[in-house]
Amino acid sequence: MNPNIFLIDSNNSLLELRRTEYDSEDLLQSLIADHPTLLGSATGADEGLLLIQREYSVPDSVDGNGRWSLDHLFLDRYAVPVLVEVKRATDTRARREVIAQMLDYAANGIAYWPIDKIIEAFKSTCQKAGIDPEIRLSEFLGDSNSEAFWKSVEANLAAGRIRMIFLADEISKEVRRIVEFLNEQMRPADVLTC
């Protein structure tokens, strides 16, 4: 099977799409924020993701301000928080440090993210994009109740029911094995690569 991807233009000519490195991690982060479907089946959320905020603050105490910044915080339709950390394969930290970094974010996020701050961040993200937050949430949830959704988010955080996704333009076999190990050991949390 040919692993290459081609586009057929209006003149019926083939244009081969070639794999290239991302110019920057910021570009990859922007693409994920604008098009979360790029995360594909790794999210476990076939019905889509709701962006809470890009560069979401992670405190290290109840009263703490953001000590760290998670690349993306999404919610799936089942109110499960989806933490996404993006690295380029050329980033030498893309192995041990990124794993420890995500575990810092997850451990502190579930302990210190109050639901009202998550709702506030979602509204701010929508307003910056020129979108009405109530309409966006209604479109995302369909017939579901928004108040019940936010309560489920809070319950999932309290239970440690989260999904952690490591996204890179190329995942090393070492990172993949660490993630597989964590995913086998960390129930109810999911740990995935994309």
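Report follows, based on the coordinates. (Residues numbered from 1 in each chain as written. Predicted model: local features only at pLDDT ≥ 70, side-chain atom pairs only at ≥ 80, totals over all residues. Heavy atoms only, no water.)

### A short note on the overall build of the protein
Now for step 1: What the protein contains, in helices and strands, is six helices and seven strands.
Now for step 2: For the protein, the α and β elements follow one another from N to C terminus as β-β-α-β-β-β-α-α-α-α-β-α-β.
Now for step 3: A compact globule built from 194 residues would reach a C-alpha radius of gyration of about 16 Å, and the protein, at 18 Å, matches this within 12%.
Now for step 4: C-alpha extents for the protein along the principal axes are approximately 55 × 40 × 30 Å.
Now for step 5: Counting over 194 residues, the protein shows a buried share of 40%.
Now for step 6: Taking the contacts inside the protein whose residues are at least 6 apart along the sequence as the reference set, 62% of them involve residues at least 24 apart.
Now for step 7: Carbon together with sulfur atoms contributes 49% to the accessible area of the protein, which is approximately 11300 Å² in total.
Now for step 8: Across the protein, the mean location of the 21 positive side-chain charges is 4 Å away from that of the 32 negative side-chain charges. (Helix = DSSP H or I, 4+ residues; strand = E, 2+ residues; numbered from the N terminus. Rg over C-alpha atoms; globule rule 2.2 N^0.38 Å. Buried < 20%, exposed > 50% of the residue type's maximum accessible area, 1.4 Å probe, protein only. Contact = heavy atoms within 4.5 Å. Areas by Shrake-Rupley, 256 points an atom, 1.4 Å probe, with all protein chains shown as cover. Lys, Arg positive; Asp, Glu negative; His and termini not counted. Charge placed at Lys NZ, Arg CZ, Asp CG, Glu CD.)

### Points about the packing of helix H3 (residues 115–128) against helix H4 (residues 133–141)
Now for step 1: Contact geometry of H3 with H4 gives a least axis separation of 9 Å together with a crossing angle of 105°. With respect to H4, the element H3 is oriented roughly perpendicular. Facing Phe122, Lys123, Cys126 and Gln127 of H3, the residues of H4 in contact are Pro133, Glu134, Arg136 and Leu137.
Now for step 2: Grouping the amino acids of the contact of H3 with H4 by side-chain chemistry returns four nonpolar, one polar and three charged. (Axes fitted to C-alpha atoms, helices over the stretch in contact; angles between N-to-C directions. Parallel < 35°, antiparallel > 145°, perpendicular 65-115°, else oblique. Nonpolar A, V, L, I, M, F, W, Y, C, P; charged D, E, K, R; others polar.)

### Considering the pattern of salt bridges
Now for step 1: Taken as a whole and assessed by the stated rule, the structure comprises six salt bridges.
Now for step 2: Note that lysine 87 is salt-bridged to glutamate 85, the shortest N-O span being 3.1 Å. Take lysine 87 and glutamate 85: they sit in the same class, and that class is buried. (Salt bridge = Lys/Arg side-chain N within 4 Å of Asp/Glu carboxyl O.)

### Some details on the pairing of strand E2 (residues 14–17)
Every regular strand shows the same layout, with side chains that alternate between the two sheet faces.
Now for step 1: By the bridge criterion, four bridges tie strand E1 (residues 5–8) to E2 in an arrangement that is antiparallel. Paired with isoleucine 5 across the two strands is leucine 17, which belongs to E2.
Now for step 2: Counting the residues in the hairpin turn of E1 and E2 gives five residues, including asparagine 12, whose phi is positive at 65°. (Pairing = 2+ DSSP bridges.)

### As for the nonpolar core
General note: in soluble globular proteins, nonpolar side chains tend to be found buried as a group.
Now for step 1: One finds Ile52, Leu83, Trp113, Phe149 and Trp150 to be the most contacted residues of the largest nonpolar core, which totals 38 residues.
Now for step 2: Where this core is concerned, the elements lending two or more residues are strand E3 (49–59), strand E4 (66–76), helix H2 (96–112), H3, H4, helix H5 (146–159), strand E6 (163–168) and helix H6 (173–185).
Now for step 3: Setting aside its immediate chain neighbours within four residues, tryptophan 150 contacts Ile52, Leu75, Ile115, Ile118, Ile119, Phe122 and Leu137.
Now for step 4: Counting residues in hydrophobic clusters, the runner-up holds 12 residues, among them Leu51, Phe74, Val86 and Leu167. (Core = buried A, V, L, I, M, F, W, Y, C linked by side-chain atoms within 4.5 Å.)

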